[in-house]
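Working through the structure, step by step
What follows is each chain in one-letter form.
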Protein chains: 2
Amino acid sequence: MQKETLCLGLLSLGPRSGYEIKQMFEGPLSDFYSLSFGTIYPTLNSLQADKYVSCKQHSQSKKPDKKVYTITKKGMELMKDNLLGDASSYIRSGNFGDQIKSEFFLLLLFSKYLPKETMNTVLNERVLYLRQKLEQFNYDGPVPGNLDAIRNEKSVSFIRGLASALIETGLSYMEKNRGKLS
Amino acid sequence: MQKETLCLGLLSLGPRSGYEIKQMFEGPLSDFYSLSFGTIYPTLNSLQADKYVSCKQHSQSKKPDKKVYTITKKGMELMKDNLLGDASSYIRSGNFGDQIKSEFFLLLLFSKYLPKETMNTVLNERVLYLRQKLEQFNYDGPVPGNLDAIRNEKSVSFIRGLASALIETGLSYMEKNRGKLS
DNA sequence: GATTATATATATCATTCTGATATACATACG
DNA sequence: CGTATGTATATCAGAATGATATATATAATC
């Protein structure tokens, strides 16, 4: 997905600064996508230059000005057009589609070159990690800051439910079949 | 995972050319990782310069020479050292770890901006795509070329079983809950 | 039998993106 | 009172991709 479409989409959920967009990628979106500051800031600047977003500078005494971007009508149109135009190309993406780079699977692939105790520890920690992820996806309490907008989306509930189901499957598979690795 | 470690790991399964390594990424590894020619060829050259692999040139009349690389003892050691040193950092990767970029999830996130019929078609095609993937992972017949080495790995059976279980979960979740999206 | 598409095989490179770093002040903690 | 962490924007070297170039063989289509 083009970085422009993605930034516009996130801004459609409410006005935000570049820093806050980054927080979304490190918070609720961290398991699905990410963009770096080096991409976010230039993208916002170019979107602003082309009037797809407007910017209000909130001067805060001694911190750098907080630049809060708001999507414009023109921006909404561009976002919708791009989504519609590219929708079909995203069908074969995601879990078991393109762009996945799973270092954990690579580690499993080469596990025979690692000492058994090491692999045992790794698998134990992986299980702990997945349990933690599961809790995270099942947690329904309040989230800090302005990250509520994204949590309250209907689609986000759907995605979290899916993620939760997938992790549970992965966990029980790992627990039942880890013996087959060595 | 460093590209060097990865290429060495793949060469540990048997001697191969750069083109054949790429075939592994486009075949059995396509759902887990990928490297481009622009990375593979320079990596092999530098591995050869440092004696981690040896190279035998098979001249084939009028095609460009096929350069078949074989991992050396020094290369095996480097690979094992790297795997051991970095193993713990791969625990939090993979499905629901870092480096995932799922455009399909992004599309779901912004699905409210798409016409209902479009989303309906997209979800139908996604289901078809996942069914196809499932078949692919469950297929146990022969594979063409030299891609058998990787299929016969114990770890690959484990991974394929996991992938298969995950896709099944994803499929039934989608079928049961797709109504919640609109 | 001619044409077109696909596969084999290596290599390069502009463009893109990341990850690190710079800058600067605020706040919390022991 | 120093140290670590958080807010906030910005830039840039280095890495990786995706496209393209080159050259030939083979299979499919017409």
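The coordinates are above.
Described below are features of the structure shown in this document. If you're wondering where the values come from, they're calculated on a predicted model, not measured in any experiment.

Remarks on the interface of chain A and chain B
The interface is formed by 76 residues belonging to chain A together with 75 residues belonging to chain B. Surface buried jointly by chain A and chain B totals about 7,500 Å² across both partners, of which 70% is contributed by carbon and sulfur atoms. Inspection of the chain A/chain B interface yields two salt bridges. Its salt-bridge partner being Glu153 of chain A, residue Lys112 of chain B comes within 3.1 Å of it at the nearest N-O pair. Counting every contact that joins chain A to chain B gives 23 residue pairs in polar contact (both at pLDDT 80 or more). The biggest single contributor to the side of chain A that touches chain B is helix 8 (residues 154–177) of chain A, with 17 residues. Classifying every residue of the side of chain A that touches chain B gives 42 nonpolar, 20 polar and 14 charged.

A few points about the packing of helix 1 (residues 3–11) of chain A against helix 3 (residues 37–49) of chain A
Residue and element names in this part refer to chain A. Orientation of helix 1 relative to helix 3, taken along the N-to-C sense of each, is 80°, at an axis distance of 10 Å. By the angle between their axes, helix 1 is roughly perpendicular relative to helix 3. Across the interface between the two elements, Lys3, Glu4, Cys7, Leu8 and Leu11 from helix 1 touch Thr39, Thr43, Leu44 and Leu47 from helix 3. Of the residues belonging to the contact of helix 1 with helix 3, the class tally is five nonpolar, two polar and two charged.

Things to note about the protein's contact with DNA strand D
Within the structure, DNA strand D sits among 21 residues, and Tyr19, Tyr41, Lys67 and Lys101 of chain A together with Thr39 of chain B are positioned closest to it. For DNA strand D, the fraction of protein-proximal atoms (within 4 Å) that sit in sugar or phosphate groups is 63%. Separating a phosphate oxygen of DNA strand D from a side-chain N or O atom of Tyr41 of chain A is a distance of 3.1 Å. With respect to DNA strand D, the side chain of Ser36 of chain B contributes an N or O atom lying 3.2 Å from a phosphate oxygen. The set of elements that each furnish at least two residues to the surface near DNA strand D consists of helix 2 (18–26), helix 3 and strand 2 (63–71) of chain A together with helix 3 (37–49) of chain B. Tallying contributions element by element places strand 2 of chain A first for the surface near DNA strand D, with five residues. Residues that form the surface near DNA strand D fall into these classes: five nonpolar, nine polar and seven charged.

Concerning the protein's contact with DNA strand C
If you check the shell around DNA strand C, you find 21 residues, and the closest are Thr39 of chain A together with Tyr19, Tyr41, Lys67 and Lys101 of chain B. Of what DNA strand C places within 4 Å of the protein, 65% of the atoms are sugar or phosphate. At 3.4 Å, a backbone N or O of Ser34 of chain A approaches a phosphate oxygen of DNA strand C. The contact in question runs from a phosphate oxygen of DNA strand C to an N or O atom on the side chain of Lys67 of chain B, over 2.5 Å. Counting only elements with at least two residues in the surface near DNA strand C, the list comes to helix 3 of chain A together with helix 2 (18–26), helix 3 and strand 2 (63–71) of chain B. Ranked by the residues each element gives to the surface near DNA strand C, the list is headed by strand 2 of chain B, at five residues. Class assignment for the residues of the surface near DNA strand C results in five nonpolar, nine polar and seven charged.

Some details on the packing of aromatic side chains
A complete count under the given rule lists 11 aromatic pairs over all chains for this structure. Their ring planes at 55° and their centres at 6.1 Å tell us that Phe32 of chain A and Phe137 of chain A sit as a pair that is tilted. Of this pair, Phe32 of chain A sits in the loop between helix 2 and helix 3 while Phe137 of chain A sits in helix 6 (residues 116–138), and the two are 105 residues apart along the sequence. Each member of the pair, Phe32 of chain A as well as Phe137 of chain A, carries the same accessibility label: buried. Considering the side-chain rings of Phe37 of chain B and Tyr41 of chain B, the 5.4 Å spacing of their centres and the 15° angle between planes classify their relative orientation as stacked. Of this pair, Phe37 of chain B and Tyr41 of chain B both sit in helix 3, four residues apart, which is roughly one turn of that helix. When the ring centre of Tyr52 of chain B is taken as reference, the NZ or CZ atom of Lys74 of chain B above it lies at 4.7 Å.

Focus on the relation of the copies chain A and chain B
Rotating chain A by 180° and moving it 0.0 Å along the rotation axis overlays it on chain B with an RMSD of 0.0 Å. Interpreted geometrically, this transformation is the action of a two-fold axis. Among all C-alpha atoms of chain A, that of Ile100 of chain A lies closest to the rotation axis, at 2.5 Å. The overlap is high: 99% of the interface residues of chain A also sit at the interface in chain B, so the same surface is used on both sides.

Thresholds, definitions, all that
- Residues numbered from 1 in each chain as written.
- Chains lettered and ligands numbered in written order.
- Predicted model: local features only at pLDDT ≥ 70, side-chain atom pairs only at ≥ 80, totals over all residues.
- Heavy atoms only, no water.
- Contact = heavy atoms within 4.5 Å.
- Buried area = accessible area lost by both parts, 1.4 Å probe.
- Salt bridge = Lys/Arg side-chain N within 4 Å of Asp/Glu carboxyl O.
- Polar contact = N/O pair within 3.5 Å; in protein donor to acceptor, adjacent residues only side chain to side chain.
- Helix = DSSP H or I, 4+ residues; strand = E, 2+ residues; numbered from the N terminus.
- Nonpolar A, V, L, I, M, F, W, Y, C, P; charged D, E, K, R; others polar.
- Axes fitted to C-alpha atoms, helices over the stretch in contact; angles between N-to-C directions.
- Parallel < 35°, antiparallel > 145°, perpendicular 65-115°, else oblique.
- Near = heavy atom within 4 Å.
- Phe/Tyr/Trp six-rings, centres within 6.5 Å; stacked < 30°, edge-to-face > 60°.
- Buried < 20%, exposed > 50% of the residue type's maximum accessible area, 1.4 Å probe, protein only.
- Lys NZ or Arg CZ within 6 Å of the ring centre and 35° of its normal.
- Least-squares fit on C-alpha atoms with pLDDT ≥ 70 in both.

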